[in-house]
Structure formats: structure tokens, C-alpha cells
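Chain residues, written in single-letter form:
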Amino acid sequence: MFHRNPFAPLTRRELLGRMGAGFGSIGLASMMAGSVSGNANSNGALSANQNSPLFPKAPHFAPKAKRVIQLFMPGGPSQVDTFDHKPALEKHAGQRPEIVNRKTLRNTKNGLMVSPFKFQQYGQSGKWVSDIFPHVAKEVDELCFIHSMHTDIPEHAGAILMFNLGHLQPSRPSLGSWLCYGLGSENQNLPGFVAMSPRAQPRGKLANWGNAFLPGAYAGSYVNIASMKPDQILKDLKNSRLPYGEQRKQADLLTQLNRIHLERQKQNDQLESGIQAMEMAFRMQFAVPDTFDLTRESKQTLEMYGDSEYAKGCLLARRMIERGVRCVQLSHSIDGYDIAWDTGHGDIKGGHARLAKACDQGIAALIKDLRNRGLLDETLVVWGGEFGRAPTSEGKNGRDHDHYGFTVWMAGGGVKPGISYGATDEFGCSAVENRVHVHDLHATILHSMGLDHEKLTYRYSGRDYRLTDVSGKVIREIFI
Amino acid sequence: MTLSTSLKSIESSGDQVKGIPSYPVIHVCLVAVSVISLCFWSVCQTKGDDGIEFFEKKIRPVLVEKCYQCHSGDAKKLKGGLLLEYREQILKGGDSGPAIISGKPADSLLIGSLKWDSLEMPPSGKLPDGVVKDFEHWVSIGAPWPKSEKTPIVNAATVYDWEKVRQEHWSFRPVVRPSIPTENNSEWEKNGVDYFVYKRLSSNALRPAEASAGVDLVRRIYFDLVGLPPMPQQVVEFVKKYSNNPDAAVSSLVDQLLESRHYGERWGRHWLDVARYSDGFGGFNDGSAMPDAWRYRDWVVDALNRDIPFGEFIKLQIAGDLIGDRNAAVGTGFLALGPTYRSDGGDPDSVAQSKSETLDDRIDTLTRGLMGITASCARCHDHKFDPIPQLDYYSLAGVFNNTGVHQGPIAKDEEVALYNQHQKKINDLTNRLKQLNQQFKKEKRQATAEEAGMVAELNQDIAELKKNSPPKFATAHMLRDTGSSNMKVAIRGDLRKTGAEAPRRFLRVLAGDKAVPFKNGSGRLELAEAVAAPSNPLTGRVFVNRVWQHHFGNALVRTPSNLGKLGELPTHPELLDWLVCELMDSGSIKELHRLIMNSATYRMSAQFDSDSFQNDGGNRLLWRMNPRRLDVEAWRDALLSVTGELDLVMGGPPSEDLNSRRRTLYFKTSRAGDRFGSDKLLRMFDFPIMRATVAKRPVSIVPQQYLFMLNSSFMNDRARALSARLKKSSEDPAARIQLAYRLLYGRPPREDEINLGVKFVLRQDEAKVDNWEKYCQVLLCSNEFFFLQ
């Protein structure tokens, strides 16, 4: 019932025990590699690295995915104008059948509105996709669509937090920080969790990648894709005053003095951890800028992604995933708007077309690129917003929020490719078949990563917390 | 929604009520409810009506037996958001709409489900046809239900024998002064503390560590009491006294530092963790600033420095506005500085949830912070482990539901009146001026010469008044009473679904079955008295335990904010109670420090010992002092102190300037922990997020901290300042290194340390940065500077 606080200093016995038992399976090898490269400490002692909160931890069971890329679409993309094709809209346009007569945020009372976009079938799966996602459409045979998502409230702020934290208030840890808490990171020279967006941060800002009450090491580091500065991701990453050689000499002296001090104390895990952490910090200074250096990509790759800011984020996401970052959250935004897809209120046609154009090619390229590099199997990609939009119209050309039903898709990470799970009603208003709440989605993501959402707990303010609160049901059917 | 679609949605969703916080996830099998007791309830309500009788005989028993496990307030997991405990609930239905349409069995979801036509209910097995027919009949005759039974049956099943419950768990029992176990003594003990500690050690074949060396001890005492390192001269003096008469040396240093004003700053900060103190800014939905928060911080510092009686210290923070003068009201910042959540778009569920979260903050801070009891767990259901019924949660919530937060004046009445009068004058004149201008506008004309003169005069008067305005009187965030009504139990934590009325009164686990309802206003003063009462076994234990934690690095109960059944047991229960008795007798927190710090236990060295470590690696029995890392405040203050830059001015508004030379206590902090540069620095070094009362800070050692130490301009600046200080002291490198070690570590360097230093600073430099500066940065980044023995 009481599990040990993972951050309490370990006794020597525990250290040895852990070395032998649990950690062999994942990450240790890459971790050792990471520590040997980059001019590691001469004194060796790898064991103390295990005191690092980001040291790789064994999952609860064999994982399908090792990493997650979340392509977050804040503002609420309209399901019936993107991936949830509803031909019935045409036949009943202008009508308001009882089934869609549900309260929306702004209490819109209009009838059904036909999508301004054409849909076509793609791939072997014959999946219908709207014309605003021509590139993603070509990858549909890799995608697993969940058409039956639903969430609690139709307000952006709360629903965005629900999507990223599993809670309506900003007081809980984010999905990515739970993942790092549960699994550690496979690269000790980079943060375990990186959040990115072009210019505007999604509403709620830091809370969306925050660690709340989890230890600070699990906080997401934020990168603004528009500027792409490596030292943004880690503060004080760069030593602006000393050349490498001088820095190295300084670090060596520090290690020597710390060793003398440690000898006098005979034994102290925390002191040992301090020595290790300093060495890691030293290596990070060089590993992080390398990740950001897109000039190392081939011309072909760069062309495949295209040159939108979001696409740049997609490419960066792949580079991070490749280096063992556990979770990348890449939020969409154009025009510096924190809930980009909300342009749907007044103008689905113009707003959604521009937004899709800004991300379509990059997303498709990311899927292809991950597949080509053999990374897709171990990487779970999740696309979606905090809710969807009503099939009825708001004003003349818009759609109000719809939290009763919306679409999310996944790729890689052991999910079945080319399938659709769950369904909304015939007009796309509410999830009716195989309904999936956001908590269920979270439970499923954790499951893919080898974590039992009911067992991934953290004791805080007198009780154990989970990402899924008291809910969540893994959608087992979508896994291969 | 059509029937068929709604049926599908129930079937597949497995929905639960959302937006309610969870109980501990440790799902120890919680056997749902003694459902039978529900049966007793009902019968008395009937009036001989045939329908009712039919319901009681044929329907209710089935509901209780077959449905309530998933569809009642006591369900372990409520399914489909559907409650079946009273008629309104059934008519209203769950996530899929009404469960029955009265008079229309064919259209009733419930009937379809029982027939396994659509849903298959109950899932454990289809009910006999006869029973399903009974339900059909019942719906067709209008679903009769006892009329008077409108309140839902909430937690009716849980019955507490309060007297028994209060004896069952150690922390709920009264504190009885234990006798000091002197029988098995050694030469080691110095006061009562040590006898208790020695008893546990000796019975576990452990020996206390040797007394610390003077240089270590003086450093420990300084950081402990004032959060600052001793100056080299102070070290020398102490070491000399300590070698002659250790007891007197310790005792006089402790006395001296307890009288230092910086004592309040150090221990005030510890208390601010309990108070989840911040300057506001909790992020959206809770984004307001708390510009006067610092008044409460200064109040705490001052209260500790003045050593106000312990009971008063507690009481004023709950109900200072109802007890003392204006200054006393500032103490209620303890609760007033918490979050006040709002809804973003006014969605009614969201509004209710925001209110519920706000109330929960007050209850959580009060109960965990002051009494080590997790009452918040009883927000949605009876506490699963501790004897706190949901009803009691709403008894407390009622107090805070009648309590408001405002920025109240803390100046003298005359000062407030003077300011207000002055403002009124300005307003009057401004209104007069407005009227005139409106008149001109309305009459579409220019002012006459006379009127123009009036306008000019008015403008001049207003300017004059504004110039001479007395300063705005000081304000602080404080509580005030706003009403005196009871709340109703919120079913599953949802304030929109209410149940039985919860009288405002104290927790029955402490007050017993006969807990008296609060009578005055919100009841907050009575609540304060109950919390602070010397007879309350929790408040004293929790406080003493926290004090112990800060002296030793670990508390006697290692879950300092949870003394309930899920908390740890005390390692030294008798010692804890003995200290509580001492505190209650003296009422003096400073006396408590004296008692602890003059013990031989406190004086033990932190030296590692492999045998003892094998035996008790966690040092639960206190065979040595725990080595510790400094918290971020002490570490940063020490950095500024050893370079000679620290500004020791006390109190006043906080600063977010990272280059501030003031003590770290005066940094601005946001509740969200991400708004200010100061937040980011603090959080990097384990400053906790101030969203909820903090039991203990974690200690994380991560590379980001070293990037800061090695590369930040703040650290570069400190290195430069230290290097300048050293250079000024002497021309001789060895002498400079000597000084550095005495300043930073309170000890002279060893020969190898001098040699390494000299070699480093006399090197041919590759960079533009001075070698001494680089060397100083190394010393400031060292473990020895960051860790305490």
C-alpha cells in the first residue's frame, strides 16, 4: 500500500538491488551509452545516476510505445469538416433534428450545416478525409481514428486542461510529466518532456506541460518554434564567458573538491548525486544545441516537411524522439492565437482551411519520416483538440463548440493502422458508439506506454493522485 | 437524442461522474454499503397507499439489492451518472436521460435495460420475468414513492461510534504527559528529549553518534535558527567557548539567535509553506494578484519573533478578524491568501466546481495544515480510512461558505476616515464638474465667462485636493463573516446536487457525538477555538512534529500533514507527546526550540557509521543528525552573505528582481509557480508549488541546477563579488584561499585543498575571465556549501 518515495535517497543495498532487478529491460543500455559518450566523469560510478529522477524506470508491463508525440490542436477542430464524414448533413441541411438539439456553449439554435469542404476516400482503408488535409489523407492507412471522443465542458480553458491534465483546473500534472514520472527519460542530456508551439502557447500556458505537484524534474520544457533557441529549452544552457577547455577545467576542479568532501563524509548518496548532476549539466550544454541544428537534415527531408512553422516543430519533434525524449507536445497556432482552431465560430471555410494548410504537410511528413526510420512502431502519435464543433451552424458559416462528440486519431505505438473506432450519430453531433472520454484516452495512452493508469500514482496532499482521477478505461480494441 | 442512441451511449461509456476529486487510489477493497440499512428507512414513510406499499414490497428491495452498488451515493464507482435513490433522481436520470417516463413503461430506459433489450441491467444477471413485470407495473401506475422522502439517502449506512473511534487511532487519543524514561540512562542525556531517544536507541542495539565538532555545530545552529551562515569570527568565538563548556556555549548561542529578528524570517518561511503562501497569480480561473500578501508574511515573522502564545498564533490565523485589533485580522491571511477559483465561461457545472474547489482549499489548509487530517478526502464521500463523514466536511465547508475574503484596512479608523473624507471631497467636486460639462453639452453652448471661471476653479481645487491627499491607508487580505447558514451535503462533491443539511460544527472525530453547532456568525471563531484548544490532540502534535522536522530534517511522524490512518506512525510517540505537553504548558514556541536544541540528540554529529547504517539506514531511531541540503532560501541567502552583499532589511512588499540583494524570503512568488523570474529560480531548487499546504519539501538534485550554478549571470556576479572580497584581503593566494574556506564552510582548508586552489588560480588563463573569479564560482557551487552536516 505504501510505495516508497522514489526520490528519497537510496541505501546502497537498494541501489544494488535495483541494478540487478528491475532496470535491465529498458533504457539502461542507452543510458549507459549516453553517459559514456560526451566525455563522462573519470570516476565512473554510474550507480548514483539512479538517484536522478529522470533515470529510466521499468514500465508496469511490456510497452507498445516508448515515446509519445502529441499533435495538439487547441480551439476545437470541427470533426465533420475534417475526418468524420457525415453525408447525412447534405440531406438534412437546415433542419434541426432532435438528436442534434443539444445545448452548445453559445446556445446556438440553427439547423445543420453542410461542410464547405469536399470529402474523398483514400488508401486501402477507404477512409473519407476532407480536402483540407490532402497530405494526411495519403497516410490514412497508418492512422487509427477515434470518432467517439467526448469531454466534460464546452469551454476552451477547462477542456484544454482536461485534455492535457485530465482535470478542469490547472492544479494537476500534465500527461507528459506523468509519463516522465512513470518512465524517466532515455536521454539524460535532454529534458524528458518538451512542449512546443509556434508563437502562441495554448490557453492555460504552462499548466499544459506543468508538473504541478510532481517533482520539478518532470516539468515540460517549452520551446517557441518561431525562434528555435536551444537555450530556451534549458535556462542557462550556454556558458557565455568560457571556452570549452576552461569550462572543463572548472568542472574538473569542482569534481575534485566534491570528491575530497565526499571522502570525509564517507558515504552520502545525495553528495554523489550532486557530482553526477554537475557532469550531466556539463554534457547537456552540447547535446541540446545539436538537437536543434536542422541544417543537419537532408534537403529531401526538409522539402518533405515543407516550411511552415508547425512543420518545423514536427521535424524537431522527430529529432527529439530519436534522441530519447519521452514526450513531445506540439501545439498548433497561427496568427499568435492561443486557441487557433476556434476561428470556426464565424468561418469554418476560411479558418479551418488556413489552419489545416499550416499543419497538414508537416504532420504527414512526420508520419512518413518516423516510418522510414523505423521509429513509428515505438512512437505513439496522437492528433486532436480539446473538443469538436457542432454540425449545426453558428451564424451563417460557423460552428459552435461541441463537447459531446469529436475525433482524435493516433498512429504508431502499437495501435491498429487504418481503422476507425467508435462513432458519432449520423450527423456527427454526439459520440454514440464506443464512447471514449478524455480519461479513457489518457488511460489508453498510458497503456500503450506500458503503464497501468490505476497504478501510476503519486502521493500528494494526503492522498494518491492519478492522471485519470477516478475514471479511465483502456480501449484495448484499438491495439494490434 | 433518440432512445436508441442514448441507450448505446450508456452501454459503451462506462461513464462516471466527472469533475470530482478522487479518493485515495489505493483501492483497498471498500465494501460498498450495508445496503440493508436503507431498507429500514423507507417503510415508515408510507401512508397506507397501495402504490407505496407495492413500491416498498416489490421495487425498493430490488433497487437496494441489485442496483445501488453502482447507482447510489455510496457506489464505489457511479455508473452512467445515474442515481436511483429517490424518485427525482430516477425521473431525472443519468448521462443518457430519464430512467423512467412515469406511466410509460415502454418508453422507460430502466424497463428496457431490465429486459436486456438494450442495456443489460443488472449486468450480473437478468432479473426474473416476474420482477421485471413488477417494475413495468410500478412505472405504469406512475412510479409511486413515499412523498416525504425527498432527501437522498446519503451515507446513511455509515454509523460511527464516536467514543470508540476516538480511541482507535493514536493521534485521535488525548495527549497524556508521559513520564521521562530515566531508568535506563547513560551519561549521554542532557534533557528529557534525550531519555526518550536513548530508550529507543538502546533497545535496538544502537548508540548515539559522538557530539559534533564545534565548526559543524555552529553552522548547524545558525542555519537552523536564522537561515544564515556564521561569520568566521562568530565561528571562532563559538568553537572556543564550546571546547571549554559545550552546554553553556550551545545554550547561550541558541538564546542569542532566538532573540535575533532573523529568527522570525527563518521560521516564518517554514510556516509559510504550511500556509501555501503566495502573492496570488494562480493562472487563469484563479489569476488575481494578492498585492498585500506580504502583510501576512510580515505578520507571521513578527508573531514568531514576539513569541506570541502558541494557541493565539493558531487562533488568530483562523479568526483574527473576530478576535483582536486590525493587526490580528492580518493573521487570517493564512486562509485568505488561498485561491479563489472562477469559471471561464459561466457554464453552471464549471461555476459550481470552481466554488467547490475554493472551499476545498480552505478546508484542506485548515485540516491538513493545522491538524494533520485529510478532511478533503471527505468532499465526495465519507473518508475511506479516517472517521470523517462527508457530513462533517460540509459542516466545515459551511463555515467557509459564510466567510468572505477582502482587502480590509489595517490603519487606524481615523486614518481611514480621513482618507475617505478626502476622497469624498474629490468625488463631490468631480461630480459637480461633470454636471456642469454635461449641462453645456446638453444645452449645446459654451460656458459663460462666469461658468468658465467656476470650471477652472473646480479643476484647480480638484488638483489641489489630489495633491494633498493623505496616503491611501494600508490594507491586507483578510477574512470576514458574510452569513450564518448551513450548507447541504454535495452529493459526490457536486454542489448542484445537494443532500442533507450539515450543521456548522467541529469534526466529530474530535468533538464527539455531541459536537455543538456553531452559533455566532459563520462559526469561524468557534472553529478557531476548537482547533487551538489544548485538549485538541492533533494541533499540538502536528505543530511540534513540524518543528522537529525542521531541526532534524525528518519529522517524528514522517507524514507531517497526515496523522490519520494512512499516515506513518510516530517513531517516538512518547517524545512527541512529551514535547506537546511542554509546549502547551509554556505556550512558547521559542521554549520548544530551546528544549530541542539543548539536547544531546540535537548535538549529535552527522557522521556516517556503517554498523548503525546497516541497522537503521533511514535513521528513524536518531543515531545521528541527518545530513541535509540547504533549502533554496538558506542557500541563496548564504551566497549573498559570504560575498558580503546581503541586504538584511526586513519586511515590506516583495520583489521579483533576480538581482535583488535582499533575503530570499522577500522574493515574489505566484501560486501557479511560473509567473515571475523569482518563481523559476526558486522552483528549480525545490521550492514547492504553493497550491496546497506543504508538508515537506522534496530534495531533487538535477542537472538544471548545475547549469544555473555554472552559467547564470547571478552566479557569475556572486563569484566576482567573492573574488573581489578575497583579493582585497591579501596578496597571498594561500591566505585568500584560507579566508574563502572560513567564509564559505566555516573551517580552514586542508593542505590538498589549498594546493588545488593555488594551482588553479596561478594557471595561464585561456579566457578573459579572471582565474580567481572562476575559482570562487567553483567554491560557491560545491557540495560543501550546499549541504549541512
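The model shown is predicted, which means the values in this text are computed figures rather than measured ones. (Residues numbered from 1 in each chain as written. Chains lettered and ligands numbered in written order. Predicted model: local features only at pLDDT ≥ 70, side-chain atom pairs only at ≥ 80, totals over all residues.)

Draft legend 1. Inspection of the overall build of chain B at higher detail. Helix and strand counts for chain B stand at 35 helices and six strands. If you line up chain B on its principal axes, its C-alpha atoms span 105 × 100 × 55 Å. Taking all 789 residues of chain B together, 50% fall into the buried category. Looking at chain B alone, contacts between residues at least 24 apart form 66% of all its contacts between residues at least 6 apart. (Helix = DSSP H or I, 4+ residues; strand = E, 2+ residues; numbered from the N terminus. Buried ≥ 20, exposed ≤ 12 C-beta atoms within 10 Å, placed from the backbone. Contact = placed C-beta atoms within 7 Å.)

Draft legend 2. Summary view of the overall build of chain A. Across its full length, chain A holds 13 helices and 17 strands. Looking at the 480 residues of chain A, the share that counts as buried comes to 62%. Summarising the internal contacts of chain A: among those between residues at least 6 apart in sequence, 78% fall at separations of at least 24.

Draft legend 3. View of the domain arrangement of chain A. When the domains of chain A are assigned, the result is domain 1 (12-48 + 236-280) and domain 2 (67-234 + 287-478). Computed from C-alpha atoms alone, the centre-to-centre distance between domain 1 of chain A and domain 2 of chain A is 37 Å. (Domains from an automatic or database assignment.)

Draft legend 4. Inspection of the packing of helix α3 (residues 50-67) of chain B against helix α6 (residues 129-140) of chain B at higher detail. Residues and elements named next belong to chain B. Between α3 and α6, the least distance of the axes is 10 Å, while the angle of their chain directions is 125°. In terms of their interaxial angle, α3 and α6 are classed as oblique. With respect to the hand of their crossing, α3 and α6 are arranged in left-handed fashion. Contacts between α3 and α6 involve Phe54, Phe55, Lys58, Ile59 and Val62 on the former and, on the latter, Val131, Asp134, Phe135 and Trp138. (Axes fitted to C-alpha atoms, helices over the stretch in contact; angles between N-to-C directions. Parallel < 35°, antiparallel > 145°, perpendicular 65-115°, else oblique. Left-handed = near helix turned anticlockwise from the far one by under 90°.)

Draft legend 5. Layout of the nonpolar core. In this structure, Cys314, Val328 and Trp409 of chain A are the most contacted members of the largest nonpolar core, which totals 302 residues. Leaving out residues up to four positions away in the same chain, Trp409 of chain A has contacts with Phe83, Leu143, Cys144, Phe145, Ile146, Trp383 and Gly384 of chain A. (Core = buried A, V, L, I, M, F, W, Y, C linked by C-beta atoms within 7 Å.)

Draft legend 6. Molecular detail of the interface of chain B and chain A. With 76 residues of chain B in contact, the opposing surface of chain A contributes 77 residues. For the side of chain B that touches chain A, the leading source of residues is helix α30 (residues 703-711) of chain B, giving eight residues. For the side of chain B that touches chain A, a count of residues per class yields 30 nonpolar, 27 polar and 19 charged. (Nonpolar A, V, L, I, M, F, W, Y, C, P; charged D, E, K, R; others polar.)

Draft legend 7. Expanded view of the confidence of the model for chain B. Residues and elements named next belong to chain B. Considering every residue of chain B, the mean pLDDT works out to 88; 92% of them sit at 70 or more. Taken as a whole, residues 1-48 scores under 50 in pLDDT and shows 111 contacts with residues more than four places along the chain or in a different chain. This stretch, residues 151-157, has a pLDDT under 50; its non-local contacts, to residues over four places away or in other chains, come to 30 contacts. As a predicted assembly, this complex carries a pTM of 0.73 together with an ipTM value of 0.77. (pLDDT = per-residue confidence, 0-100.)

Draft legend 8. How the structure looks around the domain arrangement of chain B. If you check the domain split of chain B, you get domain 1 (3-140), domain 2 (308-408 + 478-532), domain 3 (413-473) and domain 4 (710-788). On a C-alpha basis, the centroid separation for the pair domain 3 of chain B and domain 4 of chain B is 64 Å.

Draft legend 9. Structural context of helix α29 (residues 677-684) of chain B. Residue and element names in this part refer to chain B. Turning to α29, its buried residues are Ser678, Asp679, Leu681, Leu682 and Met684. Lining the buried residues of α29 we find α28 (632-642) and α30. One or two positions beyond α29, positive phi appears at Asp686, with a value near 70°.

Draft legend 10. Just the pairing of strand β5 (residues 193-197) of chain A, in detail. Residues and elements named next belong to chain A. Counting buried positions along β5 gives five out of five residues, so the element sits mostly inside the fold. Side-chain alternation along β5 places Phe193, Ala195 and Ser197 on one buried face and Val194 and Met196 on a second face that is also buried. Summarising the sheet, β5 and strand β6 (residues 221-224) pair through four bridges and their orientation is parallel. Across the sheet, Met196 pairs through a bridge with Val223, a residue of β6. (Pairing = 2+ DSSP bridges.)

Draft legend 11. How the structure looks around unusual backbone geometry. Positive phi outside glycine occurs at Ala212 of chain A, with the angle close to 45°. With respect to the helices and strands, Ala212 of chain A occurs in the loop between β5 and β6. We classify Ala212 of chain A as buried; it has 24 C-beta atoms within 10 Å. One non-glycine residue, Ala205 of chain B, lies in positive phi territory at about 60°. Mapped onto the elements of the fold, Ala205 of chain B is located in the loop between α8 (192-202) and α9 (214-226).

Draft legend 12. Broad picture of the packing of helix α11 (residues 246-258) of chain B against helix α25 (residues 589-597) of chain B. Residue and element names in this part refer to chain B. Between α11 and α25, the shortest axis-to-axis distance is 10 Å and the interhelical angle comes to 155°. In terms of axis orientation, α11 runs roughly antiparallel to α25. Once α11 is placed against α25, the crossing between them reads as right-handed. Residues Val250, Val254 and Leu258 of α11 lie in contact with α25, whose contacting residues are Lys590, His593, Arg594 and Met597. In terms of residue class, the contact of α11 with α25 is made up of four nonpolar, one polar and two charged.

Draft legend 13. Broad picture of the environment of Ser78 of chain A. All names here are of chain A. Looking at the secondary structure, you find Ser78 in the loop between β1 (67-72) and α3 (88-91). What makes Ser78 buried here is the crowd of 29 C-beta atoms within 10 Å. Counting along the chain gives 45 residues from Ser78 to Gly123, while the straight-line C-alpha distance between them is 22 Å. Ser78 has contacts with Gly344, Ile348, His352, Gly388, Arg389 and Arg399, leaving out every residue within four places of it along the chain.

Draft legend 14. Just the confidence of the model for chain A, in detail. Mean pLDDT over chain A: 86, with 89% of residues reaching 70 or higher. Ignoring residues within four places in sequence, the model shows residues 1-48 of chain A, a span with pLDDT below 50, making 56 contacts including any to other chains.

Draft legend 15. Main features of the environment of Arg496 of chain B. Residues and elements named next belong to chain B. Assignment of secondary structure puts Arg496 in the loop between β3 (487-490) and β4 (498-502). With 12 C-beta atoms packed within 10 Å, Arg496 lands in the exposed category. The spacing of Arg496 and Ala352 is 144 residues in sequence and 6.7 Å in space, taken between C-alpha atoms. Excluding residues that lie within four positions of it along the chain, Arg496 makes contacts with Pro348 and Ala352.

Draft legend 16. Main features of helix α10 (residues 232-244) of chain B. Residue and element names in this part refer to chain B. Given a rise of 1.5 Å per residue, 13 residues ought to cover 18 Å, and the 19 Å separating the end C-alpha atoms of α10 matches this to within 8%. Every buried residue of α10 is accounted for by Val235, Phe238 and Tyr242. Across the axial projection of α10, the buried residues extend over an arc of 70°, all falling on one side. Facing away from the buried side of α10, by more than 90 degrees, are the exposed residues Gln233, Lys240, Ser243 and Asn244. Looking at the buried positions of α10, the neighbouring elements they touch are α9 and α11. (Expected span 1.5 Å × (residues − 1). Arc of directions from axis to C-beta.)

Draft legend 17. Quick look at the environment of Ser730 of chain B. All names here are of chain B. Looking at the element boundaries, Ser730 is found in the loop between α31 (713-729) and α32 (733-745). When the 13 C-beta atoms within 10 Å are taken as the criterion, Ser730 is described as partly exposed. Sequence-distant contacts of Ser730, that is, excluding residues within four places in its chain, are made with Ala735 and Arg736.

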